[in-house]
Amino acid sequence: MASSANKVSRTLKYTDGATQFRLRLVTSLLSSRPLLLRNIRSDDLDAPGLREHEASFLRLLDRMTNGTKIEINATGTQLRFKPGVLLGGDIEHDCPVGSGDSRSVGWFLEGVFPLAAFGKEPLRLTLTGVTDGTSDVDPSPDYLSSSFVPLMIKLGIGDDGDHPPPLLTVAKRGAAPAGGGAVEFYCPIVKELRPLEHVDFGKVKRVRGTAVSCRIPPSSAARVAHSAKGVMHRLLPDVWIHTDVHSSSGRKRKGGGGGDSAGGCGPSPGLGVMLTATTTEGVCLSSECSMNHNVQGSNDADREEPLERKQMELPEDLGTRSATLLLHEIHAGGCVDTSCQSFALIMMCLTPEDVSRIRLGPLSQYAVVSLRLYKEAFGVEFKLRVVEEGRSGSEEDEEDNFGDDGRRSRGQKTVVCSCLGIGYRNMARAST
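Residues numbered from 1 in each chain as written. Predicted model: local features only at pLDDT ≥ 70, side-chain atom pairs only at ≥ 80, totals over all residues. Heavy atoms only, no water.

Trainee: What exactly am I supposed to notice about the pattern of salt bridges here?
Mentor: Side chains that differ in charge, positive against negative, can pair when their charged atoms come close. Tallying each qualifying case throughout the model produces 16 salt bridges. Its salt-bridge partner being Glu381, residue Lys375 comes within 3.7 Å of it at the nearest N-O pair. Judged by its relative accessible area of 46%, Lys375 is partly exposed. Through salt bridges with shared partners, a single ionic network connects Asp132, Asp142, Arg173 and Asp244. (Salt bridge = Lys/Arg side-chain N within 4 Å of Asp/Glu carboxyl O. Buried < 20%, exposed > 50% of the residue type's maximum accessible area, 1.4 Å probe, protein only.)

Trainee: Would you mind showing me how to read the environment of Ala175 here?
Mentor: Mapped onto the elements of the fold, Ala175 is located in the loop between β9 (167-172) and β10 (181-187). Spatially, the C-alpha atoms of Ala175 and Gly272 are 9.5 Å apart, while their sequence positions differ by 97 residues. Discounting chain neighbours no more than four positions away, the residues touching Ala175 are Val130, Asp132, Ser268, Pro269 and Gly270. (Helix = DSSP H or I, 4+ residues; strand = E, 2+ residues; numbered from the N terminus. Contact = heavy atoms within 4.5 Å.)

Trainee: Honestly, the sheet that holds strand β2 (residues 35-37) in this entry has me stumped. Any pointers?
Mentor: By way of backbone hydrogen bonds, the strands of a sheet pair with one another, either parallel or antiparallel. Read across the sheet, four strands follow the order β1-β2-β5-β4 without closing on themselves; strand pairing throughout is mixed. Unpaired on one side and paired on the other, β1 (12-14) and β4 (69-72) mark the two borders of the sheet. Across the sheet, the mean angle from the axis of one strand to that of its neighbour is 10°, orientation sign disregarded. Pairing geometry for β1 and β2, over three bridges, is parallel. Directly across from Lys13, in β2, lies its bridge partner Leu36. (Pairing = 2+ DSSP bridges. Axes fitted to C-alpha atoms, helices over the stretch in contact; angles between N-to-C directions.)

Trainee: I would appreciate a short explanation of the nonpolar core in the present structure.
Mentor: For soluble globular proteins, the rule of thumb is that nonpolar side chains tend to be buried together. Within the largest apolar cluster, 76 residues are counted, with the highest numbers of intra-cluster contacts made by Phe113, Phe185 and Phe382. Beyond its immediate stretch of four places on either side in the chain, Phe185 contacts Leu109, Phe113, Ala116, Leu123, Arg124, Leu125, Met152, Pro166, Leu167 and Leu168. Leu271, Leu275, Leu318 and Leu326 belong to the second largest nonpolar core, which has 26 residues in total. (Core = buried A, V, L, I, M, F, W, Y, C linked by side-chain atoms within 4.5 Å.)

Trainee: Could you clarify how one ought to interpret the side chain of Ser322 in this entry?
Mentor: Counting through the fold element by element, Ser322 comes out in helix α8 (residues 315-332). Of the polar contacts made by the side chain of Ser322, one reaches the backbone oxygen of Gly319; its length is 2.7 Å. Among all residues touching Ser322, those that are not within four sequence positions of it are Ala228, Val273, Leu275, Ser287 and Cys289. (Polar contact = N/O pair within 3.5 Å; in protein donor to acceptor, adjacent residues only side chain to side chain.)

Trainee: What's the story with the confidence of the model for the protein chain in this structure? I'm lost.
Mentor: The predicted structure's coordinates, where accompanied by low pLDDT, should not be read in detail. Confidence in the prediction of the protein chain, expressed as mean pLDDT, is 87, and 83% of residues score 70 or more. Across the protein chain, the element-wise mean pLDDT spans from 39 in helix α1 (residues 2-9) up to 98 in helix α9 (residues 341-349). Note on residues 1-8: pLDDT under 50 across the span, and one contact to partners over four residues away in sequence or across chains. Counted against residues more than four places away or in other chains, residues 390-409, with its pLDDT under 50, gives 27 contacts. (pLDDT = per-residue confidence, 0-100.)

Trainee: Would you take a moment to explain the environment of Leu23 for this structure?
Mentor: Within the fold, Leu23 resides in helix α2 (residues 21-31). Residue class for Leu23 comes out buried when judged on its relative accessible area of 9%. With 347 residues separating them in the primary sequence, Leu23 and Ser370 have C-alpha atoms 8.0 Å apart.

Here it is as structure tokens:
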């Protein structure tokens, strides 16, 4: 009777519906605790229950694991999830496109990244769907490759010499809403992670970026890159933004400098840019933005094309906005950008039973809610220390904050997060 009560108490129960849907499923798998979600859009009379992309993510987790049990009631407003064992291996998955609430492949990859290194075999995942044009809600593969992957390598994933490091490549571009793109993600397995010490910011030494255009004039990508470089060149000379241009025929334009993405593009037009700043201490901060696609939906009978074009964002404005977003991330002072905070914190929970530390900028609302989830699922409490006097809080930095007139200059507040990991181990790798 006592064991039955203990089993029930281990179940993670939530009654607020699909809030943190992916993260709760991920913590359930990593903590081996069953999950119960109730009231999933129960107030929506027209379309209650799970959305198509959420059901697709459940199918992806089912293919990545063995022994997982998923129970959904008739209306889709309640989900019971019993986690299985992570497998890895070669997996292909089609992400839904076309519907009003569909999500890009980046939304799926964000949920897969914390699980990728703990399977029985290295993960080789191929996802098809929307790859670009949704940076306001979902990250692009370029952003994940420049922000998430370096953090995984710092944690010791693929750094032992036995396997190559994690790699995320774009096989084919596919802009929203029709998609048609494909990405390939490889991640080796590890026995256990490495404690993280990531608190020194350093100084920005270079900026790299990619301007992606699909089925629009090639000059648009060049205008975006030129505008972004015009802002960044005011601060440092080492700025390079290459263009990944795809013509209306779907073929990659020669000389575009797009690297591995030589597989053409989908049927929808799109334009976006991603920038990454690297510091002398190895900190990588990224930002991205894309042209809004919802503005072009005009009625064919009206033919008010000049009015619709006036509502579209100019490539020069897009480049300036992307550079401004990157400067905001640099000014925040964190060692990872805002969208990467939750991922960094959950990986710190899985590190060995030693102290891990990371410096973050102002915590996002999603990161704050994630901290509560990690405490409930893993029993890990973070110590948060606000640092106001410079990047590291040292006496040297404190002296640097006084200007020529002797007055104290105001520095950006940062948060140093530290915790003791749970010592999560990949038993499949440990037994080989």
